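Each chain, written out:
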Amino acid sequence: MLRPEQNDKGDSEFVDKLVYINRVAKVVKGGRRFGFAALVVAGDQKGRVGYGHGKAREVPEAIRKATEAAKRNMVRVPLREGRTLHHDVQGRFGAGRVVLRSAPAGTGIIAGGPMRAVFETLGVQDVVTKSIGTSNPYNMVKATFEALKAMNSPRMIAAKRGKKVSEVVGRRGADAGKEKVDG
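The structure displayed is predicted, hence computed values, not measured ones.

Draft legend 1. Highlighting the pairing of strand β1 (residues 15-28). Sheet analysis places β1 next to strand β2 (residues 31-43), joined by 13 bridges and oriented antiparallel. Across the sheet, residue Val-28 finds its bridge partner in β2, namely Gly-31. Hairpin connection from β1 to β2: 2 residues lie between these consecutive antiparallel strands.

Here is the structure:
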């Protein structure tokens, strides 16, 4: 019972971005019959994002279906300081490969087309990305989501290893300090 109420309340806080519209034609006896396919990314700009695909005879209906699908398929992504990724990660879907890199404050979103929409709706402010292999928006978005699903926060790693967060993060800083002293 609580779930539909949360969705109704949450719909207003979601930001939708139309990534791509494809017009397809079916040839029939009287001519061509057109249909439309829409790819939409939706997110709350606080670490949740989803994508959806909708098909219909009219553009607004296809966009509506895609938006509903995006809101159903949400993924939570851990963000560092609420502005960037915790670590660099790669994702792959079909021929599409993407590389996502965390960036210092003030960098902005350096990403091409479909990936930019994902990060804007996710709430990331600083990220550097590169898409390799394909410019197909569907495969780029799916590869980006594969990469985001592989994202781990220090808290998740610490819980998996049964250690404290300070032990996981602190070790990285201690190793870096040793290298600087030796070099």
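Draft legend 2. Geometry of the nonpolar core. Within the largest apolar cluster, 27 residues are counted, with the highest numbers of intra-cluster contacts made by Leu-85, Leu-100, Phe-119, Leu-122 and Leu-148. Those elements giving two or more residues to this core turn out to be β2, β6 (96-102), α3 (113-122) and α4 (137-149). Broken down by element, this core gets its largest block of residues, 7 residues, from α4. Both domains that meet at this core, namely domain 1 (15-75) and domain 2 (77-168), each give it at least three residues. Excluding anything up to four places from it in sequence, Leu-122 contacts Gln-45, Lys-46, Gly-47, Arg-48, Val-49, Val-77, Leu-79 and Leu-148.

Draft legend 3. Broad picture of the sheet that holds β6. Spatially, the 4 strands line up as an open sheet ordered β5-β6-β8-β7, and their pairing is mixed. Of all strands in the sheet, those with a lone pairing partner are β5 (89-93) and β7 (109-110), marking the two edges. Summarising the sheet, β5 and β6 pair through 5 bridges and their orientation is antiparallel. By the bridge assignment, Gln-90 is partnered in β6 with Val-99. Lying on the sheet, α3 is in contact with β6, β7 and β8 (127-132); it crosses β8 at an angle near 150°. Its contacts with the sheet place α4 against β5, β6 and β8, and it is angled at close to 135° to β5.

Draft legend 4. Region of interest: the pattern of salt bridges. If you walk through the whole model with that rule in mind, you get 7 salt bridges. With a shortest N-O distance of 3.3 Å, Glu-120 and Lys-17 are connected by a salt bridge. With Glu-120 in helix α3 and Lys-17 in strand β1, the pair connects residues that are 103 residues apart, well separated along the chain. Classification of Glu-120 by relative accessible area gives partly exposed; the value is 26%. For the salt bridge of Arg-116 with Glu-120, the shortest nitrogen-to-oxygen distance reads 3.8 Å. Linking Arg-116 with Glu-120, this pair stays in helix α3, spanning 4 residues, or about one helical turn. Linked by salt bridges that have partners in common, Lys-17, Arg-116 and Glu-120 make up one network.

Draft legend 5. Structural context of α4. Here α4 contains 13 residues, and its C-alpha end-to-end distance of 18 Å stays within 8% of the 18 Å for a straight helix at 1.5 Å per residue. Judged by how many residues are buried, α4 sits mostly within the fold: 10 of 13 residues are covered. Among all positions in α4, only Pro-137, Tyr-138, Asn-139, Met-140, Val-141, Ala-143, Thr-144, Phe-145, Ala-147 and Leu-148 are buried. Of the residues that open α4, the one with a side-chain oxygen 2.9 Å from the backbone nitrogen of Tyr-138 is Asn-136.

Draft legend 6. Here's a closer look at the sheet that holds β2. Ordered by their spatial adjacency, 4 strands build an open sheet running β1-β2-β3-β4, and the pairing between neighbours is antiparallel. Only two strands of the sheet have a single neighbouring strand rather than two, namely β1 and β4 (74-76). Here the average twist between neighbouring strands, direction ignored, is 15°. Packing against the sheet, helix α2 (residues 59-72) makes contact with β1, β2, β3 (48-56) and β4, and its axis sits at approximately 145° to β3.

What counts, and at which threshold
- Residues numbered from 1 in each chain as written.
- Predicted model: local features only at pLDDT ≥ 70, side-chain atom pairs only at ≥ 80, totals over all residues.
- Heavy atoms only, no water.
- Pairing = 2+ DSSP bridges.
- Helix = DSSP H or I, 4+ residues; strand = E, 2+ residues; numbered from the N terminus.
- Core = buried A, V, L, I, M, F, W, Y, C linked by side-chain atoms within 4.5 Å.
- Buried < 20%, exposed > 50% of the residue type's maximum accessible area, 1.4 Å probe, protein only.
- Domains from an automatic or database assignment.
- Contact = heavy atoms within 4.5 Å.
- Axes fitted to C-alpha atoms, helices over the stretch in contact; angles between N-to-C directions.
- Salt bridge = Lys/Arg side-chain N within 4 Å of Asp/Glu carboxyl O.
- Expected span 1.5 Å × (residues − 1).
- Polar contact = N/O pair within 3.5 Å; in protein donor to acceptor, adjacent residues only side chain to side chain.

Just geometry here; none of it tells us what the structure is for.
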